[in-house]
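A closer look at the structure
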Amino acid sequence: MIRSVIHLGVRGELLRQTGRATPKRSLSSSSTERHHAHLTLGNLKVGRHTRVIFQGFTGRQATANAKESIEWGTNIVGGVRPGREGEHLGLPVLPTVRKAMEILKPDATGIYVAAHQATAAIEEAIEAEVPLIVAVAEHIPLHDMIRIHAMLKTQTKSRLVGANSPGIISAVGKCRIGFQPLPCFEPGCVGIVARSGTLSYEAAASTLRSGLGQSMCIGVGGDILPGTTLRDGLQILAEDPNTTAIALVGEIGGEAEIEAADWIREYRARTERPKPIAAIIGGIKAVPGRIMGHAGAFTLPSEPSAEDKMKVLQGACCAIVSHPSQFGPVLKSMLDGSTASGHSASSPSSAASFQRRGVHTSTRTQTWQPLKNCMQQTRSIYLTQSVSLKLLQQRGLPVVDSAFIPGGSRLLAVTLNRSTNSPCIVAAPSTDGSPKSIKRFDYDYELGAGGLHIDAIASQLGLDNGNKKVMLSLRAIVTGLVALFAEKEAYLLETHLVAAQNARSEIGIAAARFGFDDAAYRSGSRQADIQALRDTSIEDAAELEAERDGIVYIKLPNGKEEGEMANIGTLVNGAGLAMNTVDALAQVGGRAANFLDTGGKATSETVKKSFEVILKDPRVKCVFVNIFGGLTLGDMIARGIILAFRDLQMSVPVVVRIRGTNEKEGQQIIAESGLPLFAFDDFYEAAKKAVELANASN
């Protein structure tokens, strides 16, 4: 019965919607994945030769992007709009990707459709065997992406970049598939591989100002399960003859940076003159247990912390920078031989001690803090413990009161192994958070719990696998959790197991924390029953208000020491840049009161709403606006700031830094406003001013 629940649950609904079948192959087969990755890696080598089509070609966003890209030199040969043939921008429009492959013979497709259409568009491109598929949409449901990875592993023709990716661009080859701000990109020698779009734009601008320019920029994206990894990007850039130095942009969540560091060590060991590599990790000051804007910017059980990632990269002889504006100067000095690899870049402030880490030599995983209370935010629905336990009881799983049971509890969770793009069981014999005690067991999404070795899980939990009652009880719990994970599109089902003294079961569930993918409801119109279980009465009112306006706002705590008041409000576009802004403010002696990402499609009204939310925090004595536009336009942000000053009667000082798309127009609007705004071009000058103004107000 459980097997039928898995097949007829969310996956059955997805298959009915698309009319496609997912090949039944194991998601846990690392050899299959490596084979696919190896054979499709070369598809990332875009340039003048690359023939590009757009899916969703006639849409407003795709049209504007195509005009820019064609003018810049990208070889766009046409596009697809389902059920329609004709012309658009003087190029052919075809009704299917398969027909476009037959007639236009593209090397790559850019998918410019909304999240609720993106899954079918990616699948159509895979089935048509388009060599390179670039998916820019965010908020594609997680379990849709699990299914897409299953498809990718069964073939060797198509390579996916994204989802939630800014795209891929070759400055040397004049090929842009994405929405990168073109003024930042000029032919040069620095290759960039990044999880964050805005941080990659900052990195590109920094290399340009240092006279280096870029060879290629691969935006792997901020999704939980990206199609291309940092390691993949590094390998392409290391082989690229136009690339002489590399910038790596990572962030919290997953193990991509650890795997990248492992590859870098191997690369340096086998290469006589390895290319210099500098790196940055966003999210040093991230709130534990929170999703920091990007769908993938959070830490699951057994995953490394941001500090771990920095240590491992530095141990692999990467220079660590604190802000992407340092990439240009640092890489230039490394190319000139004046900066040794493996050292942290010096910064304008000696307060950057938290960035200067020693070489990582011990365990790679963070200390996991299970069952930590988490507020809601975009992309997640956390249920309260009482609701989670009730959900388990409704499914016939044994729930017990730990107060009446002696002994310690054990950690058992169902979540994701981002290294293998597979769902997995996480098990530990205790819940003390020790990383050495945690072990993962991948399983096949199609087979569910049927492919798991329950004996091995029992041993890891410290249970007697020779006791039939214990094994039957554990198997029922694991099977029920795995079924719930797939049927209700969860990303984390965390439980604490205890030994129960009753005739029904030898073990029971004493505590639970469940996280579900909000995109399944918002983008896929699925899981309304889970959405209804959300208890907004326990959430922060300001965060709820921001969410309704499409803004990701997270209130940050004060420091632990006396006088460490979080007094700087931050207003930023892009999750990666927002994380790094919080980190870099700490570097110059300040403390951000919030994380705020306006989103890529922010409007002037969104900016005004952001100010409203920020200023509801009485701790805020200065607002720091840090914008680096891709989709977000600098002039639009500037008008939003003016609107906020006019309508909100603002009295706190505002520091403004606008770079990227339409930056000159935005800077001019600020300069001519006549308002008490402090405008800067350099990040560190702006950050220092924000700290000065905030502390002066205190």
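To be clear, the structure that these remarks concern was listed above.
Residues numbered from 1 in each chain as written. Predicted model: local features only at pLDDT ≥ 70, side-chain atom pairs only at ≥ 80, totals over all residues. Heavy atoms only, no water.

Details of the packing of aromatic side chains
Counting across every chain of the model gives eight aromatic pairs. Taking the centre distance of 6.2 Å and the plane angle of 85° together, the rings of F54 and F57 count as edge-to-face. Looking at R418, its charged tip hangs above the ring of F298, at a distance of 4.7 Å from the centre. (Phe/Tyr/Trp six-rings, centres within 6.5 Å; stacked < 30°, edge-to-face > 60°. Lys NZ or Arg CZ within 6 Å of the ring centre and 35° of its normal.)

Section: the sheet that holds strand 18 (residues 439-442)
The strands that make up a sheet are held in pairs by hydrogen bonds between backbone atoms, and each pair lies either parallel or antiparallel. Sheet architecture is open: six strands sit in the order 15-20-19-16-17-18, paired in antiparallel fashion. Sheet topology places strand 15 (380-383) and strand 18 at the edges, where each strand pairs with a single neighbour. Neighbour-to-neighbour, the strand axes of the sheet open up by a mean angle of 20°, direction not taken into account. On top of the sheet, helix 14 (residues 454-461) reaches strand 16 (410-417), strand 17 (422-428), strand 18 and strand 19 (490-499); it is set at about 40° to strand 17, its chief contact. (Pairing = 2+ DSSP bridges. Helix = DSSP H or I, 4+ residues; strand = E, 2+ residues; numbered from the N terminus. Axes fitted to C-alpha atoms, helices over the stretch in contact; angles between N-to-C directions. Contact = heavy atoms within 4.5 Å.)

A few points about the side chain of S437
Among the secondary structure elements, S437 is positioned in the loop between strand 17 and strand 18. You can call S437 buried: its relative accessible area is 16%. Contacts of S437, omitting those with residues within four sequence positions, involve A427, A428, P429, D432 and Q460. (Buried < 20%, exposed > 50% of the residue type's maximum accessible area, 1.4 Å probe, protein only.)

Some thoughts on the sheet that holds strand 2 (residues 76-80)
In space, the seven strands of this open sheet follow the order 3-4-2-1-5-6-7, with mixed pairing throughout. A single partner strand is all that each edge strand has here, and the edge strands are strand 3 (86-88) and strand 7 (159-161). Along the sheet, successive strands turn relative to each other by an average axial angle of 30°, direction set aside. The pairing of strand 1 (residues 52-55) with strand 2 spans four bridges and is classified as parallel. Along strand 2, the bridge assignment pairs F54 with G79. Across the sheet, helix 6 (residues 115-127) lies against strand 1, strand 5 (108-111), strand 6 (132-135) and strand 7, angled at about 175° from strand 6, the strand it touches most.

Describing the packing of helix 19 (residues 575-587) against helix 23 (residues 683-697)
Orientation of helix 19 relative to helix 23, taken along the N-to-C sense of each, is 70°, at an axis distance of 10 Å. When the axes of helix 19 and helix 23 are compared, the pair comes out roughly perpendicular. Crossing hand, helix 19 versus helix 23: right-handed. For the pair helix 19 and helix 23, the contacting residues are T581, A584, L585 and Q587 in the first and F683, Y684, A687 and V691 in the second. Looking at the contact of helix 19 with helix 23, its residues break down into six nonpolar, two polar and no charged. (Parallel < 35°, antiparallel > 145°, perpendicular 65-115°, else oblique. Left-handed = near helix turned anticlockwise from the far one by under 90°. Nonpolar A, V, L, I, M, F, W, Y, C, P; charged D, E, K, R; others polar.)

Focus on the pairing of strand 6
Residues L132 and V134 line one face of strand 6 and the alternating positions I133 and A135 line the opposite face, and both faces are buried. The pairing of strand 5 with strand 6 spans four bridges and is parallel. The partner of G110 across the bridge, within strand 6, is V134. One crossover worth recording links strand 5 to the parallel strand 6 by way of helix 6, and it is right-handed. The sheet contact formed by strand 6 and strand 7 spans three bridges and is parallel. Paired with V134 across the strands is V161, a residue of strand 7. Since strand 6 and strand 7 lie parallel, the crossover through helix 7 (residues 142-152) that links them has a hand, and here it is right-handed. (Right-handed = clockwise from strand over helix to strand, strands pointing away.)

Take it as geometry only, folks, not as evidence of what the structure does.
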